[in-house]
Structures are given as C-alpha cells and as structure tokens.
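This is what each chain is made of:
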Amino acid sequence: MFITALLRAKVKTRNVLVMCESIASGHRVNVLRERNADKLEFIRFDPTIQQESLYRELKKLKSVTMLTKEQRTKSKGPLNWVAEEL
C-alpha cells in the first residue's frame with residue numbers, strides 16, 4: 001500500500017449530529033453525541049404536549065468537527081462546530 005493512500009484517508013470525526021423524536025407527539029430535536037456511544041434515549045420537555053416525554057434517536061444526520069478555542073476566536077460566526085456530510 002502506498003503511503004499517499006494512508007495520508008489521504010479521511011479521519012472519522014468524534015461527534016455526530018443525530019435526530020431524536022418524541023414518543024408522545026412526534027416532536028423532533030437535533031442533538032450531538034459521540035460516534036461510538038449507544039443510541040440516545042432521554043427525557044426532555046415536549047412543547048407540543050407541554051409535558052416531559054421520552055425522546056429516541058431516529059437517525060444520524062451529519063458528522064461534526066468541534067473547533068478549538070483558538071479556531072473559534074478566529075472564526076467570524078457564532079458556531080463552535082463545523083458539519084460534514086456523512
């Protein structure tokens with residue numbers, strides 16, 4: 001194998017943006033989680049039914065690269081992450 005092929009290989013990001021859906025009403029929320037973690041399940045306030053409900057992960061949306069403090073101060077936007085297509 002050539003060394004150039006190793007250098008060009010994409011490095012997988014540490015975090016993933018996932019879509020979670022409420023079991024009660026179908027309300028959806030996007031959340032960050034680590035790539036190697038299990039699927040998310042959490043309790044959160046659901047604005048549709050005005051109560052707390054269980055949210056479950058539906059699908060992965062994008063890989064996300066977190067920026068360092070130095071990169072955040074240099075960037076012009078308010079975001080502290082950059083999204084990449086899967």
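Look above for the structure.
Residues numbered from 1 in each chain as written. Predicted model: local features only at pLDDT ≥ 70, side-chain atom pairs only at ≥ 80, totals over all residues. Heavy atoms only, no water.

Some details on the pairing of strand S3 (residues 41–46)
Okay, so step 1: Summarising the sheet, S3 and strand S4 (residues 51–66) pair through six bridges and their orientation is antiparallel. Directly across from Asp46, in S4, lies its bridge partner Gln51.
Okay, so step 2: Between S3 and S4, which pair antiparallel one after the other, the connecting turn spans four residues, and Gln50 there sits at a positive phi close to 60°. (Pairing = 2+ DSSP bridges. Helix = DSSP H or I, 4+ residues; strand = E, 2+ residues; numbered from the N terminus.)

Focus: the environment of Ser22
Okay, so step 1: Its place among the elements puts Ser22 in strand S1 (residues 15–22).
Okay, so step 2: When the C-alpha positions of Ser22 and Thr48 are compared, they lie 9.7 Å apart, and in sequence the two are 26 residues distant.
Okay, so step 3: Discounting chain neighbours no more than four positions away, the residues touching Ser22 are His27, Asp46, Ser53, Leu54 and Tyr55.
Okay, so step 4: A distance of 2.8 Å separates the side chain of Ser22 from the side chain of Asp46, its partner in a polar contact. (Contact = heavy atoms within 4.5 Å. Polar contact = N/O pair within 3.5 Å; in protein donor to acceptor, adjacent residues only side chain to side chain.)

Describing a nonpolar patch on the surface
Okay, so step 1: Together, Ile23, Ile43 and Leu54 line one region of the surface with nonpolar side chains, adding up to about 290 Å² of accessible area.
Okay, so step 2: Looking at where Leu54 falls in the secondary structure, it is placed in strand S4.
Okay, so step 3: For Leu54, a relative accessible area of 31% puts it in the partly exposed group. (Patch = residues over 30% accessible without salt bridge, like charges linked within 9 Å, V, L, I, M, F, W, Y side chains within 5 Å. Areas by Shrake-Rupley, 256 points an atom, 1.4 Å probe, with all protein chains shown as cover. Salt bridge = Lys/Arg side-chain N within 4 Å of Asp/Glu carboxyl O. Buried < 20%, exposed > 50% of the residue type's maximum accessible area, 1.4 Å probe, protein only.)

A look at the packing of aromatic side chains
Okay, so step 1: Under the defined criterion, the tally for this structure stands at one aromatic pair.
Okay, so step 2: Where Phe42 meets Tyr55, the ring centres are 5.5 Å apart and the plane angle is 5°; that geometry is what we call stacked. Residue Phe42 is located in strand S3, and its partner Tyr55 is located in strand S4; the two are separated by 13 residues in the primary sequence. (Phe/Tyr/Trp six-rings, centres within 6.5 Å; stacked < 30°, edge-to-face > 60°.)

Side note on the environment of Ser63
Okay, so step 1: By the element assignment, Ser63 lies in strand S4.
Okay, so step 2: For the pair formed by Ser63 and Leu32, sequence separation is 31 residues and the distance between their alpha carbons is 9.4 Å.

With respect to the nonpolar core
Okay, so step 1: Grouped together as the largest cluster of nonpolar side chains are six residues: Val16, Val18, Cys20, Val29, Val31 and Tyr55.
Okay, so step 2: For this core, the elements supplying multiple residues, two or more each, are S1 and strand S2 (28–34).
Okay, so step 3: Here this core takes three residues from S1, the largest share from any one element.
Okay, so step 4: Discounting chain neighbours no more than four positions away, the residues touching Tyr55 are Cys20, Glu21, Ser22, His27, Val29, Leu40, Glu41, Phe42, Arg44, Phe45, Asp46 and Pro47. (Core = buried A, V, L, I, M, F, W, Y, C linked by side-chain atoms within 4.5 Å.)

Things to note about unusual backbone geometry
Okay, so step 1: Even without being glycine, Gln50 reaches a positive phi, approximately 60°.
Okay, so step 2: Structurally, Gln50 can be placed in the loop between S3 and S4.

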